[in-house]
Structure formats: structure tokens, C-alpha cells
Amino acid sequence: MPSIDAQSTFRVDLSLKTVQGAALCALILAQQASADASHDLREIAQFRRPVAACALDKELIVVANSRSGSVSVVDTETWSVTVERQIGERLSDVAALPDGRHVLATDEQEHAVLLLGVEAGKIWEIGRVPVANHPVSIAVMPDGRSAAVASLWSRTLTLLDVAASAGDDEPPQISVRATIPFPFPPRVQCALPDGRHLIVADAFQARLAVVNVESAELKFVRSFAGHNIRGMAVAPDGRDLYVTHQLLNSAAPTTFDSIHWGNLLENLIRVLPMKAVLDPETDLVRAGRSILLGTTGSGAGDPGGVAFTDDDRLIAVASGVDKAALFPELHSVVTPWIETGRRPTEVLVVAGGATAITVNMLDDSLTVIDVSERTLERDVSLGPTPDPGPRERGESLFFDARLSHDRWLSCHSCHTDGHTTGLLADTQGDGSYGSPKRILSLLGTRDNNPWAWNGGFRTLHDQVGNSVTTSMHGEALAPEQIGDVVAYLHTLEAPPPLIPEPTSEDDARLLEQGRTVFHAEGCARCHVPPLTYTSDQIVDVGLEDEQGARKFNPPSLRGVSQNERLLHDGRVDSLEALFRDEGHQLETGLSDDDVAALVRFLRSL
Ligand code: HEC
Ligand code: HEC
């Protein structure tokens, strides 16, 4: 079980003075800005890409927009946007404080948490606190006195203290209390009603970390079969944790039949007894039950957010098919679907529980659902958008399960957010079934040439077209559509390395030693620096797949430290093991010291 290293948990007491000082200027700027209508972005044509929303009292909700870095304030009486203001670069989440007047938003690009003040028709920044790189979600604990920020690529949870405002005119104060290194890249979080515990899910595989927020400890990690956890909610009686995710059968070939019968991939809500989640001795794989989303003939690819209404009904979204499901009662399996906007990712229950809204990322809208009638109430546009270009059309295709036979899965089901679930899938990428391959990350794939493990595709267009017809058994895309997906893939950069910069002088020396080993061992012949760390060769490095194939294209080493498993069949689970146990491309063995140095170098790429 991973535990946190006491040495690496440190406290950062940010000077509250600075935060207050910043608050003062931000406040002044914000007031000036509100006088100047040009700062209100409501009428500006832009791509917003809303990713999260939270409800404040006084009938207001705040929506965080990732691409525009703006926040939109929506009045739930009139369902209109009352103001939109740019506050960051790439927002990833937003959560309300219990005072009903302030929200916390995470900025994935600025690596910060922003404290915002909200009033009808007004939103302004009060202060910001730097957190571990790439924050993707924030959870406020029930008492509102602490919050947790999950940072994806830096694999860190930052705990914040939130001191309530002293008087009406004083803003709350936020400061970093602890940082907890994580054994996996975290994404979705769920604060438990006991006020002490927090469940944090792996962004790619089905792992849940149980964190004690009071003692700032990662207690243990639970895992079960699956991947792509995108939603978590606690049942109103507190007894079960509802988790939306997918389950890929790595042994099933991606044939028409295995997709058709739901044998390749299932879209699920898993119901885990809270007792089992919190007891490391119980087997989570056997615990609980599953609710299948979609059926034969009508799949429901890519389950997303999940929530409970005030009358204890469950609402969940299927992001890949633009639908929400409202379960009449918790044990029902069959449910009528409600159409939403494009790619609903989050669902939020508002207005005293009578209404639910979905946040539709790819058409900049919200869908309002009448909970008791189980019907669509209205669509709310967050503002005008330009005509979608190739990139936007490609993004929409990438996250669309309608590209697959019967809508079971999208590209994102295997290449999560363009990265990878880290699992194996038995596709025709290598020209055969029976030799499952590790799903490749598409972050940075634009710099590869050729594509696929065996280098079988000479153009990215061929690889994409083939993925649709053979991995998903969908209708062939038109050449322009393939071009659109390729244009989208061209926007995806390699994931940042686990340890980009030296952390000390000793670490800097180790990194340099590693670079020397890399060149001395001739690694650069196949993994060519300085940009791609790959090459167009197809070589035999002594590894064979189940079909006897031995020739593979050297994978890019950009962001290689973010891979859960290595090599074409994922046989190795760490960079250390690749050189220590497999002796990958080493003429003679390396000393332990040189292996450590080489691995340190690879973790900086
Ligand atoms: C069932 C899971 C699955 C689905 C769905 C899927 N892929 Fe893949 N993808 C894989 C696997 C596995 C590989 C590696 C296969 C191999 O090389 O033999 C791969 C490889 C790729 C590569 C090569 C990357 C490189 O750097 O060489 C690209 C590009 C790609 N997929 C794009 C897509 C796109 C676009 C979609 C949606 C149209 C998609 N994939 C759907 C599993 C999947
Ligand atoms: C002759 C070409 C060649 C040389 C030299 C070479 N590699 Fe590789 N490397 C490959 C190939 C091919 C694979 C994929 C093999 C497979 O998965 O079956 C690979 C895989 C890897 C991987 C795993 C990447 C992943 O995502 O799974 C790492 C890391 C790596 N090499 C690092 C190195 C280092 C460090 C050296 C020098 C010690 C080195 N390689 C030398 C061809 C080479």
C-alpha cells in the first residue's frame, strides 16, 4: 500500500497579507471592470468549453469555462447569463463555499486556485494561491473549512485551509496546509459526509485513494476492474458510493460481435458499499453491484458525472452520446434517456432539488432538466461561438461514441482525454487479433512517424481512419472528417514529465549522469533527441508478441514517466524494471547507480 512520505509533506503558509493585498487590488480592478461593459464577455463570440458548475444560494450558478478561461454566472430564475468574465487561462473546476458568496476555481495552466467573489451580475477575483502543477479538480469539505485540489500530471493533492470571513466586508482567506504526493494521476474527487474523508479517483485506471483530510494522510488505495472514472456521488443515506466508469475487456478482440454484445467494453455505474471502500481488508472487486448504462443495440458510451436529487433519485450523464439518465429509483436498470447538448460531462442538482443541469462541454451550453417530470426543460446557451473549424470538429468526433457501432465507445474510451487508460486492447492496429497491445497515448502523437507499435501506418490519417472502422466498427469517416480528427490530434502536446526540473544540486548531477548514460549506451540511435526521442525505424529488440512479431517502432520517450506500464504488452511496470530486469538494449548490465541516473533522466523528458 502506498503511504505518504512524511519528508515530502510540507507546509506552505502563504502570507495572508499578500492574499489580502492582492484582494484589495483585485477588488478595485474588478469594480472598474464591472463599470466597463467591454469586460463582460457574454456577447463575445468565442469557444468557451464549460467543464464544471457549482450552485450558490440566491439562485445563481457559476460555470467554469476551460478554453476561454472565463466564468459565466447564470441566474436560475431567468436561465440567462448575467455576466461572463475572464479570470484565468484554462479553468478546470469550480466549487462553492458554504457562505454562498464565494467560489474557488482551479486553473490548470496557471497552476493556481482562484478565490472569487460572486453577486448577481458580478464576479471578481479576490486572490489566488499557487498549487501543485496541473490542478484538475477541487472539492470543498462539508464544513467549508478545507478544500482539496487534485493535480493531474504532478500527481499531488494539495489541501487548503479556508478561513471564513470575519465580517460581511471581509473575504475568506485561503492558504495551503499540506501537499500529499499521490501514487497515481488524480482527477475526480468526492468529499464524504463524515466531514473527514475524501475519495480521490485515478484519472485513468479504476483506483480510489482514501484520504483523511484532518490528518492530511493518504490512508490506502482501493482498486477494482475498470477505467475512466468520471463521476462519484454518495447516496443520500451515506451507505453507498456511486462511481461511473468503463470496463474494457483486454482479452476480447475488437470484432463487430464483441462490440455488439457489450463484450469489449461496458459503460457502468458501480455501487460500492461505503464500508467496503473504507475498509482496506475487504475485496472491492467482489463488493457492490453494477448498473449497466445502455443495452445491446443502444450503447451509452462514456459515462460522466453523477448526482442525487433531493428526492433520492440518481441522475447520470453519458458524455459520448449526449444523454442524461434519471433513474426513477435506485435499483432500476432501464431508464428513459433525456437528450442534452454536446458532451455533457457534469451534472448538478439546483433550485432546491427540483432541477438538474448538465454542463455540455462541446457546444458551450447547459441543459436544464425537470427532475419530477423527467423531461428536458430548456437549453441555455453560454454565449455566441464562432463557426467550428477543423480542430473543433475533430474534437467533437474524438469524444463521440456515435462513431462506433451502436454507440458503445469513443476514441476517448481508450485514449482518455487523448492520453491512455494504460490498459491493453486487442485491435487490428498490428494487423491481427490475439496479441493485445498497450493503448498508446495520443498526447504528442503528432510528432511520431510512423504510427502504431509496429509502425504499420505511414500517415496519421490512415491510422485514424482505421481506428474508426476496425477498433470501433463504425461507418468509415469522410476524408474531411479524418482530416478534422488529425487537426485535433495536432493540438495535443506530450504530457509533462513527472519531474521536469532538478529538485536539488544532487538531483541535477544525477540527471546529467543519466544523460551521459543515455548517449553512452547508444539509446539515441533509436530514440533520437532532442525533440521526439523516437525515429522511423522498425527494429527487433528481442521482444516478441503472441503472434511472433518482433519488429516494433521505438516509442517516443516524451512524457514516458507518465506511462503506467511499458512496452507493447505492458509487461514492465516501471522504468527501473525495464533496465534492471529486462536489460532493454544494454550491452552489459548497468550499475544500480547508472540505472537510477538513466531513469532520472527519462523522468525529465
Ligand atoms: C478499443 C480501444 C481503442 C479505441 C476505441 C481507439 N483506439 Fe487508438 N489505439 C488503441 C490501441 C491498442 C493502439 C495501439 C495498437 C497497435 O499499435 O497495435 C492504438 C493506437 C492509436 C494511434 C497510434 C498512436 C501512435 O503514436 O502510434 C492513434 C493515432 C490512435 N490509436 C487514434 C485513435 C482514434 C482517433 C480513435 C477514435 C477514432 C481511436 N484511436 C480509438 C486502442 C484504441
Ligand atoms: C535498436 C533500437 C533501440 C535502442 C538502441 C533502444 N531502444 Fe528503447 N525501445 C526500442 C523499441 C523498439 C521499443 C519498444 C519495444 C516493445 O515494446 O516491444 C523500446 C522501448 C523503450 C522504452 C519503453 C517505452 C514505452 O512507452 O513503453 C523505453 C523507456 C526505452 N525504450 C528507453 C531506451 C533507453 C533508455 C535506451 C538506451 C539504454 C534504449 N531505449 C535503446 C528501440 C530501441
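Preceding block: the structure.
Definitions and limits used
Residues numbered from 1 in each chain as written. Chains lettered and ligands numbered in written order. Predicted model: local features only at pLDDT ≥ 70, side-chain atom pairs only at ≥ 80, totals over all residues. Heavy atoms only, no water. Near = heavy atom within 4 Å. Polar contact = N/O pair within 3.5 Å; in protein donor to acceptor, adjacent residues only side chain to side chain. Helix = DSSP H or I, 4+ residues; strand = E, 2+ residues; numbered from the N terminus. Pairing = 2+ DSSP bridges. Axes fitted to C-alpha atoms, helices over the stretch in contact; angles between N-to-C directions. Donors = N, O, S within 2.8 Å, 3.2 Å for Na, K, Ca; no water. Tetrahedral: all angles 85-135°; square planar, octahedral: opposite > 155°, others 65-115°. Phe/Tyr/Trp six-rings, centres within 6.5 Å; stacked < 30°, edge-to-face > 60°. Buried < 20%, exposed > 50% of the residue type's maximum accessible area, 1.4 Å probe, protein only. Salt bridge = Lys/Arg side-chain N within 4 Å of Asp/Glu carboxyl O. Contact = heavy atoms within 4.5 Å. Parallel < 35°, antiparallel > 145°, perpendicular 65-115°, else oblique. Nonpolar A, V, L, I, M, F, W, Y, C, P; charged D, E, K, R; others polar. 1 Å grid on protein atoms, 1.4 Å probe; cavity = no way out; pocket = protein on both sides within 12 Å on 5 of 7 lines; lining within 4 Å. Points joined across faces, edges and corners; volume = space filled by probe spheres on them. Domains from an automatic or database assignment.

Asks: Got a minute to help me understand the site of ligand 1 in this structure?
Replies: The environment of ligand 1 is made up of 25 residues, and the closest members are Cys 411, Cys 414, His 415, Ala 452 and Trp 453. The contact in question runs from a nitrogen atom of ligand 1 to an N or O atom on the side chain of His 415, over 2.9 Å. Measuring from a nitrogen atom of ligand 1, one finds a side-chain N or O atom of Ser 467 at 3.4 Å. Secondary structure elements with two or more residues in the shell around ligand 1: α5 (411-414), β31 (437-438) and α6 (460-471).

Asks: Help me understand the sheet that holds strand β29 (residues 375-381) in this model?
Replies: What the four strands build is an open sheet, ordered β26-β27-β28-β29; its pairing is antiparallel. Either end of the sheet is taken by a strand with one partner, and the two such strands are β26 (344-350) and β29. Taking the axes of each pair of neighbouring strands and ignoring which way they run, one obtains an average angle of 25° across the sheet. Strand direction decides the pairing type here: strand β28 (residues 365-370) and β29, joined by six bridges, are antiparallel. Paired with Leu 366 across the bridge in β29 is Val 380.

Asks: Would you mind showing me how to read the coordination of the iron atom of ligand 2 here?
Replies: Octahedral metal centres with six donors ideally show angles of 90 or 180 degrees, and tetrahedral centres with four donors ideally show 109.5 degrees. Those donors, His 527 (NE2) and His 584 (NE2), are the protein atoms that reach the iron atom of ligand 2, and they lie 2.0 to 2.1 Å from it. Each of the six donor atoms around the iron atom of ligand 2 contributes to a set of angles spanning 88 to 180°, which defines the coordination as octahedral. With a gap of 57 residues between them, His 527 in the loop between α8 (505-520) and β32 (539-540) and His 584 in the loop between α9 (575-580) and α10 (592-602) connect regions that are remote in the sequence.

Asks: Before we go on, may I ask you to explain the packing of aromatic side chains in this structure?
Replies: Aromatic ring pairs: the centre-centre distance and the angle between the two ring planes describe each pair. Under the counting rule described, the total for this entry stands at eight aromatic pairs. When the ring of Phe 399 is compared with that of Tyr 488, the centres are 6.3 Å apart and the planes differ by 65°; the resulting orientation is edge-to-face. With a gap of 89 residues between them, Phe 399 in the loop between α4 (390-398) and α5 and Tyr 488 in helix α7 (residues 479-489) connect regions that are remote in the sequence. Ring centres of Phe 518 and Tyr 533 lie 5.9 Å apart, and the angle between their planes is 65°; this geometry places the pair in the edge-to-face category. Linking Phe 518 in helix α8 with Tyr 533 in the loop between α8 and β32, this pair joins segments that are 15 residues apart in sequence. What makes Phe 518 buried here is its relative accessible area of 1%. One aromatic cluster in this structure is built from Phe 398, Phe 399 and Tyr 488.

Asks: It is not clear to me how the pattern of salt bridges should be interpreted in this structure. Could you clarify?
Replies: One side chain can pair with another of opposite charge once the charged atoms of both are near each other. Evaluated as defined, the whole model comprises 33 salt bridges. With a closest N to O distance of 3.3 Å, Asp 417 and Arg 187 form a salt bridge. One end of the pair, Asp 417, is in the loop between α5 and β30 (424-425); the other, Arg 187, is in strand β13 (residues 186-191), with 230 residues separating them in the sequence. A relative accessible area of 22% places Asp 417 in the partly exposed class. Taking relative accessible area as the criterion, Arg 187 reaches 16% and is therefore assigned buried. A salt bridge links Asp 311 to Arg 313; its shortest N-O distance comes to 3.2 Å. Using a relative accessible area of 45% as the deciding quantity, one classes Asp 311 as partly exposed. Beyond isolated ion pairs, a larger network of salt bridges with shared partners links Arg 155, Asp 202, Arg 207 and Glu 564.

Asks: Is there a simple way to explain the environment of Ala 287 in this structure?
Replies: Relative to the helices and strands, Ala 287 resides in the loop between α3 (274-278) and β19 (289-292). In the structure, Ala 287 is positioned 207 residues away from Ala 494 in sequence and 37 Å away in space, judged by C-alpha atoms. Apart from residues lying up to four places away in sequence, Ala 287 is in contact with Arg 270, Leu 272, Pro 273 and Ala 276.

Asks: How should the packing of α4 against α7 be read in this particular structure?
Replies: Two quantities define a packed helix pair, namely the angle between the axes and the distance from one axis to the other. At a minimum axis distance of 7 Å, the contact between α4 and α7 shows a crossing angle of 95°. One finds that α4 runs roughly perpendicular with respect to α7. Contacts between α4 and α7 pair Pro 390, Arg 391, Arg 393, Gly 394, Glu 395, Leu 397 and Phe 398 from the former with Gln 481, Asp 484, Val 485, Ala 487, Tyr 488 and Leu 489 from the latter. Broken down by class, the residue content of the contact of α4 with α7 amounts to seven nonpolar, two polar and four charged.

Asks: Help me out: how do you make sense of empty space enclosed by the protein in this one?
Replies: To locate leftover empty space, one rolls a probe as large as a water molecule over the atoms. Per the counting criterion, the structure on display carries one cavity of 30 Å³ or more. One number sums up the size of the largest cavity: a volume of about 80 Å³. Lining the largest cavity are 13 residues, and of these His 419, Thr 420, Gly 422, Gln 562 and Glu 564 sit closest to its centre. Of the residues that constitute the lining of the largest cavity, the class distribution is two nonpolar, seven polar and four charged. Here the lining of the largest cavity gathers at least three residues from each of two domains, domain 2 (390-489) and domain 3 (505-602).

Asks: What am I meant to see in the environment of Arg 286 here?
Replies: Along the polypeptide, Arg 286 turns up in the loop between α3 and β19. Note on Arg 286: relative accessible area 70%, which makes it exposed. It is 9.6 Å that separates the C-alpha atoms of Arg 286 and Leu 272, two residues lying 14 residues apart in sequence. A polar contact of 2.9 Å, which involves the side chain of Arg 286, links it to the side chain of Asp 283.

Asks: So what exactly am I meant to see when it comes to the sheet that holds strand β8 (residues 122-130) here?
Replies: Each strand in a sheet pairs with its neighbour through backbone hydrogen bonds, running either in the same direction (parallel) or in the opposite one (antiparallel). If you trace the four strands from one edge of the open sheet to the other, you get β5-β6-β7-β8, paired in antiparallel fashion. In the strand order of this sheet, the two ends are held by β5 (91-96) and β8, each with one partner. Ignoring which end each strand starts from, the neighbouring axes of this sheet average 25° apart. Strand direction decides the pairing type here: strand β6 (residues 102-107) and strand β7 (residues 112-119), joined by six bridges, are antiparallel. Across the sheet, residue Asp 107 finds its bridge partner in β7, namely Ala 112.

Asks: I would appreciate a short explanation of the packing of α8 against α10 in the present structure.
Replies: Two elements in contact, α8 and α10, have axes whose closest approach is 7 Å; the angle formed by their N-to-C orientations is 95°. Taken together, α8 and α10 sit at an angle that is classed as roughly perpendicular. The segment α8 lies against α10, with Asp 507, Leu 510, Leu 511, Gln 513, Gly 514, Arg 515, Val 517 and Phe 518 engaging Asp 593, Asp 594, Ala 596, Ala 597, Leu 598, Arg 600, Phe 601 and Leu 602. Across the contact of α8 with α10, the residue classes break down as nine nonpolar, two polar and five charged.

Function cannot be inferred from these measures alone, as they are strictly geometric.
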